[in-house]
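So you can see what is in the structure, the chains are spelled out below.
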Amino acid sequence: MAEAYWKCPVCGFEAHNEAEKMKHMEETKNDQKHKEGHGGEMEGGAKCPMCGATFNTKEELDKHAKGVHHQ
Ligand SMILES: [Zn+2]
Ligand SMILES: [Zn+2]
């Protein structure tokens, strides 16, 4: 059984790949609950693609990626 690639923290929707995740984000981007729950990934915030940590700015994510993941 394939594990879910990503599970929506707001509604529990399970995506099996990046495309499904993005589709769900797109479909729910105007929903207030989802906006908050998805960590503002599309609202100027940033989420680490490697560990899922969220940051308020891309600069913070950049620092995190460099320090933690050596990216
Ligand atoms: Zn959702
Ligand atoms: Zn990370």
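Before any of the text, the structure's been laid out above.
Each value, and the rule that gives it
Along each chain, numbering runs from 1 in the same order as the chain's sequence is written. Written order determines the labels here, with chains lettered from A and ligands numbered from 1. Under the rules for a predicted model, residues below a pLDDT of 70 receive no local features and side-chain atom pairs below 80 are neither given nor counted, while totals for whole chains, interfaces and linings still include all residues. The exposure label follows from counting other C-beta atoms within 10 Å of a residue's C-beta, where the C-beta atoms are placed from the backbone and the thresholds are 20 or more for buried and 12 or fewer for exposed, leaving partly exposed in between. Helix numbering and strand numbering both begin at the N terminus, where a helix is a DSSP run of H or I of at least 4 residues and a strand a DSSP run of E of at least 2. We call two residues in contact whenever the C-beta atoms placed from their backbones are within 7 Å.

The periodicity of an α-helix, 3.6 residues per turn, causes residues three or four places apart in sequence to face the same way. Burial of helix H3 (residues 58-68) is sparse: only zero of the eleven residues sit out of reach of the surface. Where H3 ends, the next residue or the one after it, His-70, has phi of about 55°, a positive value.

Attention shifts here to unusual backbone geometry. Positioned with a positive phi, His-70 is a non-glycine residue whose angle comes to about 55°. With respect to the element layout, His-70 can be found in the segment after H3.

Quick look at the environment of Ala-15 now. By the secondary structure assignment, Ala-15 is in strand S2 (residues 14-15). You can call Ala-15 partly exposed: it has 17 C-beta atoms within 10 Å. Measuring from C-alpha to C-alpha, the distance between Ala-15 and Glu-3 comes to 9.4 Å, with twelve residues separating the pair along the chain. Aside from chain neighbours lying at most four places away, what touches Ala-15 is Ala-4, Tyr-5, Trp-6, Glu-20, Lys-21 and His-24.

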